[in-house]
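Chain by chain, the residues:
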Amino acid sequence: MADKKENRIIVIEGPSGAGKDTIIKTLMQRYPERFGKLVSVATRAMRPNESEGNPYHFVTNEEFDRMVENGDIFEHTIRHGEKRGMSERYILEMFNANKIPLKDCDIVGVRALKSRFANVTTIFITADKKEIERRLHGRGDQPEDIERRLKDYDKCILDAKYYDYVLNNDDLEKTIDKIIQIIS
Ligand code: ADP
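Draft legend 1. Structural context of the overall build of the protein chain. Across its full length, the protein chain holds 7 helices and 9 strands. Radius of gyration (C-alpha) of the protein chain: 17 Å, near the 16 Å computed for a compact globule of 184 residues. Looking at the protein chain as a whole, 43% of its 184 residues qualify as buried. Looking at the protein chain as shown, the accessible area adds up to about 10,600 Å², and 47% of this sits on carbon and sulfur atoms. Of note, the protein chain has its 32 positive side-chain charges centred 2 Å away from the centre of its 33 negative side-chain charges.

What follows is the structure, encoded as structure tokens:
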């Protein structure tokens, strides 16, 4: 049997408001058998309206540490004492279900994925900064969050060069078509 680590993984990254979530959701709705959303493992408390797997696989601090020790979690960050990481187990589960994992992750995560898996395709989604500002307002983000996200935009966009493809998401349908083309 072929090594599962040869199966394809797609990374969708880009500045906040560019449309990553919308793209991932659209792909999953249209092709539910083909794609799965790869979710990180996190130790933070679950908030109201959240559930296991949405937006994280929630585990205790001890469980998290054990997953790091046994090599399942192969990349993680700690912020304000809360840990978040990528687990190989959930990727292999998707491979076994013949699904392509879709993941939004930064360049550090991309490097970790590429060192562990042979077939990682990375796509950076962009949009004009003014348009991003409009979208963040349209999404109902708080003014202070919009300000922070627009500040992060300039830094985030510098990483575009590290990705295999850069797609301008002016038109969602065209973006989806291009991603399907890239995959086929
Ligand atoms: P991200 O996950 O990158 O932060 P979202 O997917 O939440 O971005 O999209 C931000 C907002 O922009 C959402 O309100 C979404 O409906 C809208 N949006 C996404 N793609 C497009 C597009 N191609 N054209 C116009 N609006 C879009």
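That shown, we press on.
Draft legend 2. Looking closely at the packing of aromatic side chains. Throughout the structure, instances matching the rule amount to 5 aromatic pairs. Between Phe74 and Phe117, the ring centres sit 6.1 Å apart and the planes meet at 65 degrees, which makes this aromatic pair edge-to-face. Of this pair, Phe74 sits in strand β5 (residues 73-79) while Phe117 sits in the loop between α4 (107-116) and β8 (119-126), and the two are 43 residues apart along the sequence. Ring geometry for Phe95 against Phe117: centres 6.0 Å apart, planes inclined by 85 degrees, an arrangement best described as edge-to-face. One end of the pair, Phe95, is in helix α3 (residues 88-96); the other, Phe117, is in the loop between α4 and β8, and 22 residues separate them in sequence. Residue Phe117 is classed as buried on the basis of its relative accessible area, which comes to 2%. Pairwise contacts between aromatic rings join Phe74, Phe95 and Phe117 into one cluster. Sitting over the ring of Tyr31, Arg34 keeps its end group 5.9 Å from the ring centre.

Draft legend 3. Focus on helix α6 (residues 143-157). With 15 residues, α6 should reach 21 Å at 1.5 Å per residue; the first-to-last C-alpha distance of 21 Å fits that figure. Along α6, the positions that sit buried rather than exposed are Ile146, Leu150, Tyr153 and Cys156. Each element contacted by the buried residues of α6 is listed here: β8 and α5 (129-139).

Draft legend 4. Spotlight on the site of the ligand. Around the ligand sit 14 residues, and of these Gly17, Lys20, Asp21, Thr22 and Arg139 come closest. Within the backbone of Gly17, a nitrogen or oxygen atom sits 2.8 Å from an oxygen atom of the ligand. One of the backbone N or O atoms of Gly19 is found 2.9 Å from an oxygen atom in the ligand. Considered on its own, the ligand offers 560 Å² of accessible surface; in the complex 76% of this is hidden by protein. Put simply, the parts of the chain that give the shell around the ligand at least two residues each are α1 (20-30) and α5. Per element, the largest residue contribution to the shell around the ligand is 3 residues, and it comes from α1. The class makeup of the residues in the shell around the ligand is 3 nonpolar, 5 polar and 6 charged.

What counts and what doesn't
- Residues numbered from 1 in each chain as written.
- Predicted model: local features only at pLDDT ≥ 70, side-chain atom pairs only at ≥ 80, totals over all residues.
- Heavy atoms only, no water.
- Helix = DSSP H or I, 4+ residues; strand = E, 2+ residues; numbered from the N terminus.
- Rg over C-alpha atoms; globule rule 2.2 N^0.38 Å.
- Buried < 20%, exposed > 50% of the residue type's maximum accessible area, 1.4 Å probe, protein only.
- Areas by Shrake-Rupley, 256 points an atom, 1.4 Å probe, with all protein chains shown as cover.
- Lys, Arg positive; Asp, Glu negative; His and termini not counted.
- Charge placed at Lys NZ, Arg CZ, Asp CG, Glu CD.
- Phe/Tyr/Trp six-rings, centres within 6.5 Å; stacked < 30°, edge-to-face > 60°.
- Lys NZ or Arg CZ within 6 Å of the ring centre and 35° of its normal.
- Expected span 1.5 Å × (residues − 1).
- Contact = heavy atoms within 4.5 Å.
- Near = heavy atom within 4 Å.
- Polar contact = N/O pair within 3.5 Å; in protein donor to acceptor, adjacent residues only side chain to side chain.
- Nonpolar A, V, L, I, M, F, W, Y, C, P; charged D, E, K, R; others polar.

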